[in-house]
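Each chain, written out:
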Amino acid sequence: MSGNARRIAAPALAAMLLLAGCDYRDAPQGAPLRALAAEPESYQGSLVATSGVVRGFDDPEHYWIEDDDLNRVELTPLEEARGHLDQRVQVVGTFHYEAGRGRWLEIRSLGPL
């Protein structure tokens, strides 16, 4: 192998070795709220990333994220969502669905868009 080929191959090999150590199961799946509402069973237990506006209600206190078409998913824990009321945000979290209870995201990260 020539010197040029080695200089090109070495960084490529290093990048492959670094990527081999990554765990892609921790990468969130993009999921618009309309998809979470329409096919909740498909996302059950998945780490998802979605966006919308945080809305809430005082009694009992609870928060959800919604899009312009009013597709909604509850946000937990309350402490994570509380400070983002009426803000457009991106949420990464574990999606849950139970018939009779509904849809909710266990927040891993939440931040303004």
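All of the points below concern the structure found in this document. Small disclaimer: the values here were computed from a predicted structure and weren't measured. Counting from 1, residues in each chain are numbered in the order their sequence is written. Side-chain atom pairs in this predicted model are given and counted only at pLDDT of 80 or more, local residue features only at pLDDT of at least 70, and totals for whole chains, interfaces and linings cover all residues. Calculated side-chain values reflect all of the structure's heavy atoms, with hydrogen atoms and water omitted.

Focus on the overall build of the protein
Right, so step 1: Counting from the N terminus, the helices are the DSSP runs of H or I reaching at least four residues and the strands are the DSSP runs of E reaching at least two. The helix and strand inventory of the protein stands at four helices and six strands.
Right, so step 2: Each residue's exposure class comes from its accessible area (1.4 Å probe, protein chains only) as a fraction of the maximum for that residue type: buried when under 20%, exposed when over 50%, partly exposed otherwise. Split into buried and exposed, the 113 residues of the protein put 31% on the buried side.
Right, so step 3: Contact criterion: two residues are considered in contact whenever any of their non-hydrogen atoms come within 4.5 Å of each other. At a minimum sequence separation of 6, the contacts of the protein that also span at least 24 residues come to 48%.
Right, so step 4: Accessible surface is estimated by sampling points in the Shrake-Rupley manner with a 1.4 Å probe; for residues, cover comes only from the protein chains shown. For the protein, the exposed surface amounts to about 7,300 Å²; the carbon and sulfur share of it is 52%.

Some remarks on the side chain of Thr-76
Right, so step 1: Among the structural elements, Thr-76 can be located in strand S4 (residues 72–76).
Right, so step 2: Residues in contact with Thr-76, not counting those within four places in the same chain, are Trp-104, Leu-105, Glu-106 and Ile-107.

Side note on the environment of Glu-61
Right, so step 1: By the secondary structure assignment, Glu-61 is in strand S3 (residues 61–66).
Right, so step 2: The class for Glu-61 is partly exposed, based on a relative accessible area of 32%.
Right, so step 3: Along the backbone, Glu-61 and Arg-82 are 21 residues apart, and their C-alpha atoms lie at a distance of 9.4 Å.
Right, so step 4: In contact with Glu-61, not counting residues within four places along its chain, are Leu-78 and Arg-82.
Right, so step 5: For the purposes of these results, a polar contact is taken to be a pair of N or O atoms within 3.5 Å, where, inside protein, one atom must be able to donate a hydrogen and its partner to accept one; residues adjacent in sequence count only when each atom of the pair is a side-chain atom. A polar atom in the side chain of Glu-61 sits 2.7 Å from the side chain of Arg-82.

Quick notes on the nonpolar core
Right, so step 1: By convention a nonpolar core is built from buried Ala, Val, Leu, Ile, Met, Phe, Trp, Tyr and Cys residues, the set being connected through side-chain atoms within 4.5 Å. Counting 18 residues, the largest nonpolar core has Leu-36, Leu-75 and Val-91 as its most contacted members.
Right, so step 2: Mapped onto this core, the elements with two or more residues apiece are helix H2 (33–38), strand S2 (47–58), S3, S4, strand S5 (88–98) and strand S6 (102–112).
Right, so step 3: Beyond its immediate chain neighbours, meaning those up to four positions away, Leu-36 contacts Ala-31, Tyr-43, Val-48, Thr-50, Val-73, Phe-95 and Arg-103.

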